[in-house]
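# Structural characterization, general
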Amino acid sequence: MPSRPKMPPKVKPALAKAGQTSSKTPSIQRRSQKKQPAPLTDRLKRLFTSLCAQIDGGHFANAIRTCNKILRLDPSDRDAIRTKLFLLLQTEQYDTAIGLIAEINELCSFERVYALYRLQREEDAAEVLKEIKNNGKEVEQRGAMHLEAQLSYRQGSYESSLDIYSELLETADPSSDEHVDILTNLSASQSHQDFITTTFMQSMSQLPSSIASTLESAPPPVLSQPTSILVSVEEPTKKPEAGETRKKVRTNRVPKGVTPGVSPPPDPERWLKKSERTTYTQGKKRRGVGGGATQGATVGTEGGPVSTGASHGGKAGGKGKGGKKKVVERYGT
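All of these numbers come straight from a predicted model, not from anything done at the bench.

### Observations concerning the nonpolar core
Buried together is how nonpolar side chains tend to be arranged in soluble globular proteins. If you look at the biggest cluster of nonpolar residues, it comprises 32 residues, and the most contacted ones within it are Ile70, Leu85, Val113 and Leu129. In terms of nonpolar packing, the next biggest core, distinct from the first, is built from eight residues, Ala149, Ile164, Ala172 and Leu186 among them.

As structure tokens, then:
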């Protein structure tokens, strides 16, 4: 038989030459390279887009954080500064708003006087209002008139407040929200002014002369509080002495899964032994005890013993180890 030709040996692929790289090397290099940050303009654009969405959605706290991010990238951005100031006023952070106005060195007189008014610093607010009247813009002056009327109303100058609201009402658009607000504040100022000028005087004239003569010069009455209220207010302020230890009052606990008034009450005999409970009954007797045939001889008709056998478990006849019956027969003589 001719011999089968031998197969040529497998040739291993040649290794890569120096200077050449495999196909997997570029992908590894791309992964190892750090991602370059986006340009500043793109980052600011994304932040301003998020800022507009947060303001439209009413998420002012998140919007303030976005403004801070913008100001870290561009501290001189006017739009971000004005937006942050607006958001601080909206969230009632008036001290922070006043600090921001002082940092930016920008004329924000109306925002400053509004913050001072909300902080109940009436004297400082009145000084800033004078500056706005002298040097402020037309838009700021109208807003300053609203604040001046509110400031006069708070200080009890109802007549001055009434005059300012009457002047604002003449130039307000009847279909605007400003017109509605002016009418509301105007009626409140008018009612207080009427009470001082007419209602109070009418009530005084109806009093007896002996009381009316001493009422205006008498000091204001002091409200007397019940002793029980005073004691309840003073007790928490007392500090326990060094030797005293307060006893903690244990709160009423309800077990898990128990609904008061719905779940059945617990068994009152649950702490007794089972044998001592009223619901305890003895267990049943074993089956087959005393029910089977007894050991002995079976007497036949002739009086002789016929067979004997042991029964276990109530079964007739006994079974041995092999399972076969063993019968013993005896024959008499």
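On we go from here.
### Details of helix α6 (residues 109-118)
Here α6 has its buried residues at Ser109, Glu111, Val113, Ala115, Leu116 and Tyr117. The first or second residue beyond α6 is Gln120, which carries a positive phi of 65°.

### Topic: the pattern of salt bridges
Two side chains of opposite charge can pair, provided their charged atoms sit close to one another. Within this structure, the stated rule accounts for four salt bridges. A salt bridge links Arg142 to Glu178; the shortest N-O distance between them is 3.0 Å. With Arg142 in helix α8 (residues 138-155) and Glu178 in helix α10 (residues 177-206), the pair connects residues that are 36 residues apart, well separated along the chain. On the basis of relative accessibility, which here comes to 25%, the residue Glu178 falls in the partly exposed class.

### Description of the side chain of Lys84
Of note, Lys84 is situated in helix α4 (residues 78-90). Comment: no salt bridge for buried Lys84; closest opposite-charge side chain is Glu103, at 6.5 Å.

### Some details on unusual backbone geometry
Here the phi dihedral of Glu92 falls at roughly 65°; this positive angle occurs in a residue that is not glycine. Backbone geometry at Gln120 places phi at a positive 65°, although glycine is not the residue there. Along the chain, Gln120 turns up in the loop between α6 and α7 (122-135). Taking the relative accessible area as the measure of exposure, Gln120 reaches 57% and is therefore exposed.

### As for a nonpolar patch on the surface
Nonpolar side chains collect at one region of the surface, where Phe195, Ile196, Phe200 and Met201 lie side by side and expose about 380 Å² of accessible area between them. Phe195 sits in the partly exposed class, given a relative accessible area of 45%.

### Details of the packing of aromatic side chains
Tallying each qualifying case throughout the model produces two aromatic pairs. Judged by centre distance (6.3 Å) and plane angle (75°), the rings of Tyr94 and Tyr114 are edge-to-face. Placement of the pair is Tyr94 in helix α5 (residues 94-104) and Tyr114 in helix α6, with a sequence separation of 20 residues. Here Tyr94 falls in the buried class, since its relative accessible area comes to 7%. Ring centres 5.4 Å apart and planes at 75° place the aromatic pair Tyr153 and Tyr158 in the edge-to-face group.

### Side note on the packing of helix α3 (residues 60-73) against α4
One way to put it is that α3 packs onto α4 with a least axis distance of 9 Å and a crossing angle of 155°. Between α3 and α4, the angle falls in the class roughly antiparallel. Our pair here, α3 against α4, has a crossing hand that is left-handed. Contacts from Phe60, Ala63, Ile64, Cys67, Asn68, Ile70 and Leu71 of α3 reach α4 at Ala80, Ile81, Thr83, Lys84, Leu87, Leu88 and Gln90. Per-class residue counts for the contact of α3 with α4 are ten nonpolar, three polar and one charged.

### Brief notes about the packing of helix α9 (residues 158-171) against α10
Direction vectors running N to C along α9 and α10 enclose 150°, while the axes themselves pass 9 Å from each other. Here α9 lies roughly antiparallel to α10, going by the angle between them. Like other packed secondary-structure pairs, α9 and α10 cross with a definite hand, here left-handed. Contacts between α9 and α10 involve Tyr158, Glu159, Ser161, Leu162, Tyr165, Ser166, Leu168 and Leu169 from the first element and His179, Ile182, Leu183, Asn185, Leu186, Ser189, Gln190, His192, Gln193 and Ile196 from the second. Of the residues assigned to the contact of α9 with α10, the class counts are nine nonpolar, eight polar and one charged.

### Re α5
Since one α-helical turn is 3.6 residues long, residues separated by three or four positions face the same way. Within α5, burial applies to Tyr94, Ala97, Ile98, Leu100, Ile101 and Ile104. Buried residues in α5, looked at end-on, bunch into an arc of 160°, giving them a common side. For α5, the exposed residues set more than 90 degrees away from the buried face come down to Asp95, Ala102 and Glu103. Packing partners of the buried residues in α5 comprise α4 and α6.

### Some words on the confidence of the model for the chain
Averaged over the chain, the pLDDT score is 75; the fraction of residues at 70 or greater is 64%. For the chain, per-element mean pLDDT is lowest for strand β2 (residues 305-309), which scores 45, and highest for α3, which scores 94. Scored below 50 in pLDDT, residues 228-235 shows one contact in the model against residues more than four places distant or in partner chains.

### Let's talk about the side chain of Gln193
Looking at the element boundaries, Gln193 is found in helix α10. Looking at Gln193, its side chain comes within polar contact range of the main-chain nitrogen of Glu159, at 3.4 Å. Excluding residues within four positions of it along the chain, Gln193 makes contact with Tyr158 and Glu159.

Cut-offs and rules
Residues numbered from 1 in each chain as written. Predicted model: local features only at pLDDT ≥ 70, side-chain atom pairs only at ≥ 80, totals over all residues. Heavy atoms only, no water. Core = buried A, V, L, I, M, F, W, Y, C linked by side-chain atoms within 4.5 Å. Buried < 20%, exposed > 50% of the residue type's maximum accessible area, 1.4 Å probe, protein only. Helix = DSSP H or I, 4+ residues; strand = E, 2+ residues; numbered from the N terminus. Salt bridge = Lys/Arg side-chain N within 4 Å of Asp/Glu carboxyl O. Lys, Arg positive; Asp, Glu negative; His and termini not counted. Patch = residues over 30% accessible without salt bridge, like charges linked within 9 Å, V, L, I, M, F, W, Y side chains within 5 Å. Areas by Shrake-Rupley, 256 points an atom, 1.4 Å probe, with all protein chains shown as cover. Phe/Tyr/Trp six-rings, centres within 6.5 Å; stacked < 30°, edge-to-face > 60°. Axes fitted to C-alpha atoms, helices over the stretch in contact; angles between N-to-C directions. Parallel < 35°, antiparallel > 145°, perpendicular 65-115°, else oblique. Left-handed = near helix turned anticlockwise from the far one by under 90°. Contact = heavy atoms within 4.5 Å. Nonpolar A, V, L, I, M, F, W, Y, C, P; charged D, E, K, R; others polar. Arc of directions from axis to C-beta. pLDDT = per-residue confidence, 0-100. Polar contact = N/O pair within 3.5 Å; in protein donor to acceptor, adjacent residues only side chain to side chain.

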